[in-house]
4 protein chains.
Amino acid sequence: MKIKVIVNTSFRRMDEIFSPADQRRMADLVEVIWGKDERMPAADFERALPSADVVVTSGWHYGDALDRAERLKAIMDVSGSFPLSLDYEACYLRRIRVLSAAPGFGRQVAEFSLGLAIDAARQISYGDRLMRRGAEQYLWHGNVDTFLLYDQPVGIIGYGGLARALHPLLLPFGVSISVYDPWLSEGYLRRQGLQPVSLEELMSSSKFIFVMAIPSVENRAMLSRELLELIQPKAVLILASRAHVIDFDAATELVLEGRFKLATDVFPIEPLPADHPIRAAEGATLSAHRAGSVAQGMVELGEMVVDDLEAIVKGMPPRRLQMAEPELSMRYTSTRAKSPDST
Amino acid sequence: MKIKVIVNTSFRRMDEIFSPADQRRMADLVEVIWGKDERMPAADFERALPSADVVVTSGWHYGDALDRAERLKAIMDVSGSFPLSLDYEACYLRRIRVLSAAPGFGRQVAEFSLGLAIDAARQISYGDRLMRRGAEQYLWHGNVDTFLLYDQPVGIIGYGGLARALHPLLLPFGVSISVYDPWLSEGYLRRQGLQPVSLEELMSSSKFIFVMAIPSVENRAMLSRELLELIQPKAVLILASRAHVIDFDAATELVLEGRFKLATDVFPIEPLPADHPIRAAEGATLSAHRAGSVAQGMVELGEMVVDDLEAIVKGMPPRRLQMAEPELSMRYTSTRAKSPDST
Amino acid sequence: MKIKVIVNTSFRRMDEIFSPADQRRMADLVEVIWGKDERMPAADFERALPSADVVVTSGWHYGDALDRAERLKAIMDVSGSFPLSLDYEACYLRRIRVLSAAPGFGRQVAEFSLGLAIDAARQISYGDRLMRRGAEQYLWHGNVDTFLLYDQPVGIIGYGGLARALHPLLLPFGVSISVYDPWLSEGYLRRQGLQPVSLEELMSSSKFIFVMAIPSVENRAMLSRELLELIQPKAVLILASRAHVIDFDAATELVLEGRFKLATDVFPIEPLPADHPIRAAEGATLSAHRAGSVAQGMVELGEMVVDDLEAIVKGMPPRRLQMAEPELSMRYTSTRAKSPDST
Amino acid sequence: MKIKVIVNTSFRRMDEIFSPADQRRMADLVEVIWGKDERMPAADFERALPSADVVVTSGWHYGDALDRAERLKAIMDVSGSFPLSLDYEACYLRRIRVLSAAPGFGRQVAEFSLGLAIDAARQISYGDRLMRRGAEQYLWHGNVDTFLLYDQPVGIIGYGGLARALHPLLLPFGVSISVYDPWLSEGYLRRQGLQPVSLEELMSSSKFIFVMAIPSVENRAMLSRELLELIQPKAVLILASRAHVIDFDAATELVLEGRFKLATDVFPIEPLPADHPIRAAEGATLSAHRAGSVAQGMVELGEMVVDDLEAIVKGMPPRRLQMAEPELSMRYTSTRAKSPDST
């Protein structure tokens, strides 16, 4: 008998994350309950839950329904993070695996972050704007403030899934990479060929700074004005995870003063207010939270879900989605109110 | 006794290409004749040439002075190409090596080309322009036309120094790479892990097309309207070498029609006329011939020159500059009148 | 107050796995209870366990003492596998992490396995034996039966820690890699650049077959005579994990018949009986279970232990040791009686 | 009209170096004169030479016949080195390219050298011999003198074609690589990620020493007793090019004393005298000049020849064979009398 899987992805459309081949594969593997674009009615969900083996969802909107999920083995979140309002203690005790499709965003965000870094250092979008104004400078006259990624000191803040995907893209540039990540041991980082450093050292010694830390209760505005002032003149700060981790007002001021360059995909409020001063900063490259929602990348999420359903059907541990860990699950924090990625 | 080297780099300033360390190294190794930013007076040059062992120059502006260069072993061109008005036959017969610092441009142009490719596919500069207009779309609404570099079919036209530098940057993206290069055998290309293809097949099958062919007497407007029309809808054409090789008017029209995306660092006339229609094309990323003149990269040229002077002093063959080859030296063509890179 | 750690490594000597620097680091981080080469007396262990936060051990020799381990957060096994006689159910329920230093063997076994593969294909130890007998053949006369690893089809049985360490060593040889691993989904394997195949296909299509599956209740003698007979003439079978997974008698016969080449580090009985016929097989390379006990590699185990103690002290999840998973912990099987690695 | 090519490979058999596909390709491309396994009769050769465009040969056995080779554009040597008795001055003046298939040996020798290095460091063939004697030691008892290649300091003597092929095989081991090569500038080596060092420093600081220098008039017995005595205790010396470059008697004595380990594919006299003491050295791995004559590798030579014939037919420079350079052609020296590889 097939295992039963509630597929209630709410704000993610089914065909956004599941290729036709993966939809067929899933239907062959398991009994799919629901599986439509609209959110499953609460009453239907509560009725189905006691006999469900797996729930595929975006966040956890079902309160204490968990108590009645007697057969549940796994919750798979396709929102890009872990559910915030879930009772993780109960899950651990009842050995329900909480899994996230977050790793599916690694490649697309890594590629975009590399693009932002080269854009800022080589002034690609700035140069494009100048050409549209007829104000461009050719050759070395247009390269007064540029530098290469090759051979530079690079700093990465937060060596999680995004950074692990970025790492191989940086290697052919011959860069040396320093990392600040208080969740990881120095030995682990060194084994990856990375130099563990303090945040102060990273900010002051790096020519490229990639901010890839996921928002937590501990890192709100971690990149304070003081730390931002340590950045080398004209260095590049790439903001790829969430504005939660930075004093965005201070960053805006410093960029407008020409202290360093900023390339950012995220903002403290999205949509960004029309009159926000960063919109006019020549030293900034601005992107409307677009690093992680490319169609070609989104179907990886569905592929991961079906691969791990296959593992569960075979009685094997899931290997593609990321498993929530007790030590970390309480540290994640919501940035959903302000950043619509996972709402 | 030290060998004598005329260093007359004309439009390249000495401290643009020689780091202070390399200037010292050169002075220790050889007797530097001239070595100032201004062009060496013709009379002085002619007087010095008979006793010179090496000439470091930008192009060859000395007519038939070569006949009197009795000790000359090498001509080193730091302009980025090979001298056009040189008598190569005489050089080969007299065993004067003609060397070019062209490989020194490989890394900087490769990095910029990758930046342009990601920019166009992920709409980075387009998205930046939208944000400055307050017209941005967030998340998937802003990703309707985007795609990843990962896993895509990539075509490279011209597998010379620029392409060889680009190749390792592309590998971590898992792309398959096809190459059109009539100067290379299929066996050579296959050994590099590349698929040799016809130009037609490359144009019609690639999602990213990197144009890296150096201008020759044979490839003027090689990328004709017919070939450009083979490009897949929304694919990305990156023009990194010279506009010489493309029907730029046809490309402009097709981009304005939205047929594909263009990211270009070069133009048929530079500076580009203020009213050229490509300046307004939303499907284009425009750069003012800035891929190959970053200060950090230019000092590689001087490093190569001094490394190869060191080789010559030791009686060894130069290994860092590129040597002119009889079969190819007659095929290079001037794009100097229109593109100021090498004037 | 420091956490308390019982370090009772029994058959592993302290200075075998802990470098002096790691011993100091451990002493600074935690309160070390015991930490001598002799096994901790049972009574002492039982007395210490209730207040211990972590136990570092080789296997679990303490019966149901677990019931009284009230503060226990982690069991770290440095034997190279997971403890066999442990009550995993109790550990999961009480959220005691069971961790193994098995990944610390990855690099040393991978290097040795590559060495065995090249040895067999290029007849290095066979050629060395011939030279000592004065029976060597030079040049092509000595290469009648040899082939390269480059460009060959490679099969790996079991893509666990050993295979993951081997994978990057194989990449520069341009091989295509097929994998048989029933514990992993096809999607996971494809994402690693591997081709998932059936065991039959792997055996019949590979020129090099690396056996890296850990022994389980399901894979005893999995490589049966029938499967071994599928191996291509003169292909190379490298046995790197345990003889448990192969019909060793059949393999011996087939190698003596010259059907394929065998390079093995493990045997069904160790020490191997003096009269075992494999000892005389010219088509075999024989190694006395020496792939995974090189001093330079063993200190990695201690480094991993201390790195993960550091993580636990900081309230973070361990990242270097391997965590036991419910689905797999019941499948591991003992090969200790016959193979002394973990006794 | 097709160009005419004399294919007179003498000691290399036609089907040893040309695959059937390459033989057909060659016949389609050019008019093949001769092309049999037996050496072309001198009179026939002399008669054919004046109308030949290319000669494919093993060494140059034709004396001053060159004077009458009026159309000759290239001499392609498939012996593994450059012809020794050729008048290079005449070739340069008449612009006849002298080309060698030496790069075709790179991969097979690199793979074998890596195999020898791991064999010696991990005692694979020594351990195999012990098992055949019934004297093996298991586990750590059999690993008293072993170490890993991972993370070690590696030295390479001579960074030519063999070393360039070895380099990518070493990278995944995380080694640091020092090079001694007086024919290359420090800048060139640094750009390849290598550390240029003196021979003394290399010998004393490396745990693995790969000897890959081709024999020249300058490097006979370059590795003198004094230098060999600098080698670290138990370090590994891999002799991959020619015994010409080493004081082999001194090396033999030091290995017999247990000072370091030697893995060698070449000997001062081949076949090695039956009573040479190195045959009994337990610290040695011995191979009968078998690194570079594997059938699978030899057909690369023919592929290179045909690829470059294709280039010449198209009027393009050859790219796969190695071109002789004036500075170096006079430095090569014969080791043919003693090492039969190129006779």
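Calculation notes
Residues numbered from 1 in each chain as written. Chains lettered and ligands numbered in written order. Predicted model: local features only at pLDDT ≥ 70, side-chain atom pairs only at ≥ 80, totals over all residues. Heavy atoms only, no water. Helix = DSSP H or I, 4+ residues; strand = E, 2+ residues; numbered from the N terminus. Rg over C-alpha atoms; globule rule 2.2 N^0.38 Å. Buried < 20%, exposed > 50% of the residue type's maximum accessible area, 1.4 Å probe, protein only. Contact = heavy atoms within 4.5 Å. Areas by Shrake-Rupley, 256 points an atom, 1.4 Å probe, with all protein chains shown as cover. Least-squares fit on C-alpha atoms with pLDDT ≥ 70 in both. Salt bridge = Lys/Arg side-chain N within 4 Å of Asp/Glu carboxyl O. Pairing = 2+ DSSP bridges. Buried area = accessible area lost by both parts, 1.4 Å probe. pLDDT = per-residue confidence, 0-100. Phe/Tyr/Trp six-rings, centres within 6.5 Å; stacked < 30°, edge-to-face > 60°. Lys NZ or Arg CZ within 6 Å of the ring centre and 35° of its normal. Axes fitted to C-alpha atoms, helices over the stretch in contact; angles between N-to-C directions. Parallel < 35°, antiparallel > 145°, perpendicular 65-115°, else oblique. Left-handed = near helix turned anticlockwise from the far one by under 90°. Nonpolar A, V, L, I, M, F, W, Y, C, P; charged D, E, K, R; others polar. Core = buried A, V, L, I, M, F, W, Y, C linked by side-chain atoms within 4.5 Å. Polar contact = N/O pair within 3.5 Å; in protein donor to acceptor, adjacent residues only side chain to side chain. Right-handed = clockwise from strand over helix to strand, strands pointing away.

1. Comments concerning the overall build of chain A
Moving on, step 1. Along the backbone of chain A there are 13 helices and 13 strands.
Moving on, step 2. Its C-alpha atoms give chain A a radius of gyration of 22 Å, near enough to 20 Å, the size a compact globule of 343 residues would have.
Moving on, step 3. Across its three principal axes, chain A shows a C-alpha extent of roughly 70 × 45 × 35 Å.
Moving on, step 4. Classification of the 343 residues of chain A by burial places 62% in the buried group.
Moving on, step 5. For chain A, restricting intrachain contacts to residue pairs at least 6 apart in sequence, the fraction spanning at least 24 positions comes to 66%.
Moving on, step 6. For chain A, the computed accessible surface area is about 12100 Å², with 53% contributed by carbon and sulfur atoms.

2. With respect to the relation of the copies chain D and chain C
Moving on, step 1. Its rotation angle being 180 degrees, the transformation that places chain D on chain C also includes 0.0 Å of axial translation and leaves an RMSD of 0.0 Å. Interpreted geometrically, this transformation is the action of a two-fold axis. If distances are taken from each C-alpha of chain D to the rotation axis, the shortest is found for D:Ser125, at 2.3 Å.
Moving on, step 2. Comparing interface residues between copies, 100% of those in chain D also sit at the interface in chain C, which points to an isologous, same-surface contact.

3. Some details on the pattern of salt bridges
A side chain with one charge may pair with a side chain of the opposite charge, provided their charged atoms come close.
Moving on, step 1. Inspection of the entire model under this criterion finds 120 salt bridges over all chains.
Moving on, step 2. The residue A:Lys73 makes a salt bridge to A:Asp53 at a minimum N-O spacing of 2.9 Å. Here the residue A:Lys73 occupies a position in the loop between strand 3 (54-57) and strand 4 (74-77), and A:Asp53 occupies one in the loop between helix 3 (42-48) and strand 3, the gap between them amounting to 20 residues.
Moving on, step 3. In this structure, A:Arg107 engages B:Asp151 in a salt bridge whose closest nitrogen and oxygen atoms are separated by 2.7 Å. With A:Arg107 in helix 5 (residues 106-122) and B:Asp151 in the loop between helix 6 (124-133) and strand 6 (153-157), the pair connects residues from two separate chains.
Moving on, step 4. The network of salt bridges with common partners includes A:Asp22, A:Arg25, A:Arg107, A:Glu300, A:Glu303, A:Asp307, A:Glu310, A:Arg320, B:Asp151 and C:Arg191.

4. Thoughts on the environment of D:Met330
Residues and elements named next belong to chain D.
Moving on, step 1. Mapped onto the elements of the fold, Met-330 is located in the segment after helix 13 (326-329).
Moving on, step 2. With relative accessibility at 55%, the residue Met-330 sits in the exposed group.
Moving on, step 3. Sequence separation of Met-330 and Leu-301 is 29 residues, and the distance between their C-alpha atoms is 24 Å.
Moving on, step 4. In this structure Met-330 touches Tyr-88 and Val-217, once residues within four positions along its chain are discounted.

5. Observations concerning the sheet that holds strand 3 (residues 54-57) of chain C
Moving on, step 1. Pairing within the open sheet is mixed, and its six strands lie in the order 2-1-3-4-5-13 (chain C). Of all strands in the sheet, those bounded by a partner on one side alone are strand 2 (31-34) and strand 13 (322-323) of chain C.

6. Remarks on the relation of the copies chain A and chain B
Moving on, step 1. Take chain A, turn it by 180 degrees, move it 0.0 Å along the axis, and it overlays chain B with an RMSD of 0.0 Å.
Moving on, step 2. Interface overlap between copies: 100% of the residues of chain A at the interface are likewise at the interface in chain B, consistent with a symmetric, same-surface contact.

7. Remarks on the interface of chain D and chain C
Moving on, step 1. On the chain C side, the residues contacting the 65 residues of chain D number 65 residues.
Moving on, step 2. Carbon and sulfur atoms make up 57% of the area that chain D and chain C hide from each other, which totals about 5700 Å².
Moving on, step 3. For the chain D face of the interface with chain C, the top three residues by lost area are D:Glu111, D:Arg132 and D:Arg290, together amounting to 14%.
Moving on, step 4. For the pair chain D and chain C, the interface holds eight salt bridges.

8. A few points about the interface of chain A and chain B
Moving on, step 1. In this assembly, 65 residues from chain A lie in contact with 65 residues from chain B.
Moving on, step 2. With both chains or domains summed, chain A and chain B bury close to 5700 Å², and 57% of this area falls on carbon and sulfur atoms.
Moving on, step 3. Considering only the surface of chain A that becomes buried against chain B, A:Glu111, A:Arg132 and A:Arg290 emerge as the three largest contributors, covering 14% of it.
Moving on, step 4. Here A:Arg279 ties to B:Glu136 by a salt bridge, and the two come within 2.8 Å at their closest N and O atoms.

9. A word on the confidence of the model for chain A
Moving on, step 1. When pLDDT is averaged across chain A, the result is 94; 97% of the residues are at 70 or more.
Moving on, step 2. Low confidence marks residues 336-343 of chain A, where pLDDT is under 50. Its contacts with residues over four positions away, or in another chain, come to 21 contacts.

10. Describing the packing of aromatic side chains
Moving on, step 1. Under the definition given, this model contains 40 aromatic pairs over all chains.
Moving on, step 2. Relative to B:Tyr62, the ring of B:Trp60 lies with its centre 4.7 Å away and its plane at 90 degrees, an arrangement referred to as edge-to-face. Across the pair, exposure class does not vary: B:Trp60 and B:Tyr62 are buried alike.
Moving on, step 3. By way of ring pairs, the aromatic residues A:Phe45, A:Trp60 and A:Tyr62 are connected into one cluster.
Moving on, step 4. The ring of A:Phe147 has A:Lys207 sitting right over it, with the charged end atom 4.5 Å from the ring centre.

11. Focus on the packing of helix 5 (residues 106-122) of chain C against helix 7 (residues 161-170) of chain C
Residue and element names in this part refer to chain C.
Moving on, step 1. Interaxial distance between helix 5 and helix 7 falls to 8 Å at its minimum, and their mutual angle equals 55 degrees. Put simply, helix 5 runs oblique to helix 7. For the pair helix 5 and helix 7, the crossing hand works out as right-handed. Residues Gly-106, Arg-107, Val-109, Ala-110, Glu-111 and Leu-114 of helix 5 lie in contact with helix 7, whose contacting residues are Gly-161, Leu-162, Ala-165, Leu-166, Leu-169 and Leu-170.
Moving on, step 2. When the residues that make up the contact of helix 5 with helix 7 are grouped by side-chain class, the tally is eight nonpolar, two polar and two charged.

12. Thoughts on the sheet that holds strand 4 (residues 74-77) of chain B
All names here are of chain B.
Moving on, step 1. As summarised here, the arrangement of the six strands in space is 2-1-3-4-5-13, forming an open sheet in which the pairing is mixed. Each edge of the open sheet is held by one strand with a lone partner, namely strand 2 (31-34) and strand 13 (322-323).
Moving on, step 2. Here helix 12 (residues 295-313) sits on the sheet and contacts strand 1 (4-8), strand 3 (54-57) and strand 4; the angle it forms with strand 4, its principal contact strand, is near 170 degrees.

13. A short note on the nonpolar core
Moving on, step 1. Grouped together as the largest cluster of nonpolar side chains are 130 residues, with contacts concentrated most on C:Leu114 and D:Leu114.
Moving on, step 2. Not counting residues within four places of it along the chain, the set of residues in contact with C:Leu114 comprises C:Leu149, C:Leu166, C:Leu169, C:Leu170, C:Phe173, C:Phe210, D:Leu114, D:Ile118 and D:Phe173.
Moving on, step 3. Core analysis: the second largest hydrophobic core is formed by 129 residues, A:Phe105, B:Val56, B:Ala117 and B:Ala291 among them.

14. Details of the side chain of B:Ser58
All names here are of chain B.
Moving on, step 1. Structurally, Ser-58 is set in the loop between strand 3 and strand 4.
Moving on, step 2. A distance of 2.7 Å separates the side chain of Ser-58 from the backbone oxygen of Thr-9, its partner in a polar contact.
Moving on, step 3. Not counting the four nearest positions on each side in its chain, Ser-58 is found in contact with Asn-8, Thr-9, Ser-10, Phe-11, Arg-12, Asp-77, Val-78 and Ser-79.

15. A word on helix 11 (residues 248-256) of chain B
Moving on, step 1. Turning to helix 11 of chain B, its buried residues number three or more, namely B:Phe248, B:Ala250, B:Ala251, B:Thr252, B:Leu254 and B:Val255.
Moving on, step 2. Phi turns positive one or two residues past the end of helix 11 of chain B, at B:Gly258, with a value near 80 degrees.

16. Let's talk about the packing of helix 5 of chain A against helix 5 (residues 106-122) of chain B
Moving on, step 1. Contact geometry of helix 5 of chain A with helix 5 of chain B gives a least axis separation of 9 Å together with a crossing angle of 125 degrees. Regarding the angle of helix 5 of chain A to helix 5 of chain B, the classification is oblique. With respect to the hand of their crossing, helix 5 of chain A and helix 5 of chain B are arranged in left-handed fashion. Mapping the contact onto sequence places A:Gln108, A:Glu111, A:Phe112, A:Leu114, A:Gly115, A:Ile118, A:Asp119 and A:Arg122 in helix 5 of chain A and B:Gln108, B:Glu111, B:Phe112, B:Leu114, B:Gly115, B:Ile118, B:Asp119 and B:Arg122 in helix 5 of chain B.
Moving on, step 2. The residue makeup of the contact of helix 5 of chain A with helix 5 of chain B, split by class, is six nonpolar, four polar and six charged.

17. Here we look at unusual backbone geometry
Moving on, step 1. For the peptide bond that leads from A:Glu270 to A:Pro271, omega is 0 degrees, which places it in the cis range.
Moving on, step 2. Inspection of the secondary structure puts A:Pro271 in the loop between strand 11 (261-264) and strand 12 (284-286).
Moving on, step 3. For D:Ser10, which is not a glycine, the phi torsion comes out positive at approximately 40 degrees.
Moving on, step 4. Topologically, D:Ser10 is positioned in the loop between strand 1 (4-8) and helix 1 (14-17).
Moving on, step 5. Residue class for D:Ser10 comes out buried when judged on its relative accessible area of 10%.
Moving on, step 6. You will see that D:His289, though not glycine, has its phi angle at about 50 degrees, which is positive.

18. Describing the pairing of strand 7 (residues 176-180) of chain B
Residue and element names in this part refer to chain B.
Moving on, step 1. The sheet contact formed by strand 6 and strand 7 spans five bridges and is parallel. Counted as the bridge partner of Gly-155 is Ser-178 from strand 7.
Moving on, step 2. Where the polypeptide runs from strand 6 across helix 7 (residues 161-170) and back to strand 7, its parallel neighbour, the crossover connection is right-handed.
Moving on, step 3. Here strand 7 runs beside strand 8 (residues 195-196); their pairing, made up of two bridges, is parallel. Residue pairing for strand 8: Ser-178 is matched across the bridge by Gln-195.
Moving on, step 4. Following the chain from strand 7 across helix 8 (residues 186-191) to the adjacent parallel strand 8, one finds a crossover that is right-handed.

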